[in-house]
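# Fold and geometry: a report
Residues per chain are reported as follows:
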Amino acid sequence: MATLTLGAADLVRRRGLRQMRTVALSLLVLAAVIYVATLHRSGGWAYLNAAAEAAMVGALADWFAVTALFRRPLGLPIPHTAIVPTRKDSLAESLEQFVTENFLSEEVVAEKMATAQVSRRVGEWLADGNHAERIVAEGARTVGAALPKLGDDDVAAFVRGSLLPRFVKEPLSPIAGHFVQSVVEDGAHHALLDLLMVEAHDWLAANRDLLADVVGPRAPRWSPQWVDRLVIDRIHREALAWLADVRDNQTHPARRAIDRLLGQLADDLQHDPETMERFEAWKARMLTHPDMSTSLTAVWDAMRTALIDAINDPKSTLRARGVKALQDLGGRLQEDEPLRAKVDARAAEAVGYVVRTYGTEIVSVISDTIERWDGREAAARIELHVGRDLQFIRINGTVVGALVGLTIHALSELL
């Protein structure tokens, strides 16, 4: 046997192979001893002698057949022996073709996927909280190890070289218009408007003198100062009252006017060429500003720090939500038949694509690996895996040979 680097499993296989070789050889030796001991004896010994003789023939014939697979019996250059070392490449190609046609064909894989109920099994596995926690923990460990290695320079280069130029070229006006339209239809901007009204009212109430500084210089030169103060006070009170009214009245005409304004803006961003052109020009100015990439990199750095802190904390809300989401998905995969059918169909399509596109390369690993082996090494590796079972051929040959020899001798005596 060629010199191999053996693992624990290979050592067990080699021990089993040696044991079965010993058994087969012991039966051959036993048959030889019986044959010699009963030679030229009559009566019942003659029957035993014939059985022993045939047993030796059967044992030696099957020893030759088994040995010829892996090496030349007794080192003799007998034709059609040492089959594995001399024909390993053609055997590897045949094995590769067999696996391709019978195991790694798209039809076989699709049929297996259809009956495997992959989605249900995945759902049952995910529904177990321990499994979901394990996935989240492994994912957190992977992400936690990868994020610190993504340096600011790399992110800045990506933002400047790929992200911002892509957004500059990509028309965003229709997207922005659709977003504004959705916000207006859902009334999502009302909370922001409420906040603006509150802040505007509080600011104006605290900055009466600033209003006087703005309005005072615009008063007529002939107007007395006390009249100017009265006018400024009146303007201040009326502005405060108007802001308070808009703040407190959800159906105020000003609010409806803002809704109409935003709705018109959303429509113009999607359909008015002039508005769309102005928006794209503004977008280009913003994205090409020298400080934009720096600002986005700073935002990413803050997000990365927060994300690392969250995923490294086993009790963080982020990880808890991840576990809950996986468990919910597992429950849905068990209970939602349409979802299971969709997941199974997508999985079958994905596996079919892999088999169809990369099946040949996957199976070629067999022939590529065996072709790199030395002939004797290939024979030794294969014999380690199947040699123990092949020794039963020798044992059976010995036993069957003895029975056949006994039967032939009995028939000869009878006839």
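Position labels on residues start from 1 in each chain and follow its written sequence. Per-residue local features are limited, in this predicted model, to residues with pLDDT of at least 70; the limit for side-chain atom pairs, both in listing and counting, is 80 or more; totals at the level of whole chains, interfaces and linings are taken over all residues. Derived side-chain values reflect all non-hydrogen atoms in the structure, with water molecules and hydrogen atoms excluded from consideration.

Turning our eyes to something else, we now look at the overall build of the protein. In this text, helices come from DSSP runs of H or I with a minimum length of four residues, and strands from runs of E with a minimum of two, each type numbered from the N-terminal end. Counting secondary structure elements, the protein contains 18 helices and zero strands. Radius of gyration: over C-alpha atoms. The globule rule applied is 2.2 Å multiplied by the number of residues raised to the 0.38 power. Relative to its length of 415 residues, the protein is extended, with a C-alpha radius of gyration of 43 Å against a globular reference of 22 Å. In terms of overall dimensions, the protein has C-alpha extents of about 155 × 45 × 40 Å along its principal axes. Taking all 415 residues of the protein together, 28% fall into the buried category. Working rule for contacts: check all heavy atoms of both residues, and any pair within 4.5 Å makes them a contact. Partitioning the contacts of the protein with sequence separation of at least 6, the portion at a separation of at least 24 is 74%. When the accessible surface of the protein is totalled, it reaches about 27200 Å², and 62% of it is carbon and sulfur. When charges are counted, Lys and Arg are positive and Asp and Glu negative, with His and the chain ends excluded. Think of each charge as sitting on NZ of Lys, CZ of Arg, CG of Asp or CD of Glu. Computed over 47 positive and 55 negative side-chain charges, the inter-centroid distance for the protein is 6 Å. Burial classes follow relative accessibility: with a 1.4 Å probe on protein chains only, a residue under 20% of its type's maximum area counts as buried, one over 50% as exposed, and anything between as partly exposed. Accessibility throughout is a Shrake-Rupley quantity obtained with a 1.4 Å probe, and a residue counts as covered only by protein chains that appear here.

It is worth spelling out the side chain of Ser-119 at this point. Considering the arrangement of structural elements, one finds Ser-119 in helix α6 (residues 118-127). In this structure Ser-119 comes out as buried when scored by relative accessible area, which is 1%. Those residues in contact with Ser-119, other than ones at most four positions away along the chain, are Leu-333, Arg-340, Val-343 and Asp-344.

This brings us to helix α10 (residues 190-206). Each residue after the first adds 1.5 Å to the expected span of a helix. For α10, which comprises 17 residues, the first-to-last C-alpha distance of 24 Å matches the rise-based estimate of 24 Å (1.5 Å per residue) to within 8%. Those residues of α10 not exposed but buried are Leu-193, Met-197, His-201 and Leu-204. Taken down its axis, α10 places every buried residue within 75 degrees of arc, on the same side. Residues Ala-191, Leu-192 and Ala-206 are exposed on α10 and point more than 90 degrees away from its buried face. On its buried side, α10 packs onto α11 (208-215), α12 (225-248) and α13 (253-271). Summarising the geometry, the arc corresponds to the directions from the helix axis toward the C-beta atoms.

Attention shifts here to the environment of Leu-48. In this fold, Leu-48 is placed in helix α2 (residues 44-70). Judged by relative accessible area, Leu-48 falls into the partly exposed class, the value being 37%. For Leu-48 and Gly-405, which are 357 residues apart along the polypeptide, the C-alpha to C-alpha distance reads 9.1 Å. Not counting the four nearest positions on each side in its chain, Leu-48 is found in contact with Ile-34 and Thr-38.

The residues that UniProt annotates with the feature "transmembrane region" (unreviewed entry) are residues 23-40 and 46-70. Strand forms 0% of residues 23-40 and helix 83%; the C-alpha atoms that close the span are 28 Å apart. Secondary structure across residues 46-70 divides into 100% helix and 0% strand, with the first and last C-alpha atoms of the span separated by 37 Å. UniProt positions are given in the numbering used here, feature names are shortened, and annotations may be inferred rather than shown by experiment.

Next up on the list: the environment of Lys-283. Mapped onto the secondary structure, Lys-283 falls in helix α14 (residues 273-287). Given the relative accessible area of 4%, Lys-283 is considered buried. With 182 residues separating them in the primary sequence, Lys-283 and Glu-101 have C-alpha atoms 56 Å apart. Setting aside chain neighbours within four positions, we find Lys-283 in contact with Phe-167, Val-168, Glu-170, Pro-171 and Leu-172. Each polar contact in these results corresponds to two N or O atoms within 3.5 Å; when the atoms are within protein, one needs to be able to donate a hydrogen and the other to accept it, and residues that are neighboring in sequence are counted only if both atoms are side-chain atoms. Here the side chain of Lys-283 touches Glu-280 through a polar contact of 2.6 Å, side chain to side chain.

What follows concerns the side chain of Ser-173. Along the polypeptide, Ser-173 turns up in helix α9 (residues 173-186). Ser-173 sits in the buried class, given a relative accessible area of 0%. Engagement of the side chain of Ser-173 in a polar contact is seen with the backbone oxygen of Leu-269, the distance being 2.5 Å. Excluding anything up to four places from it in sequence, Ser-173 contacts Leu-269, Met-276, Phe-279 and Glu-280.

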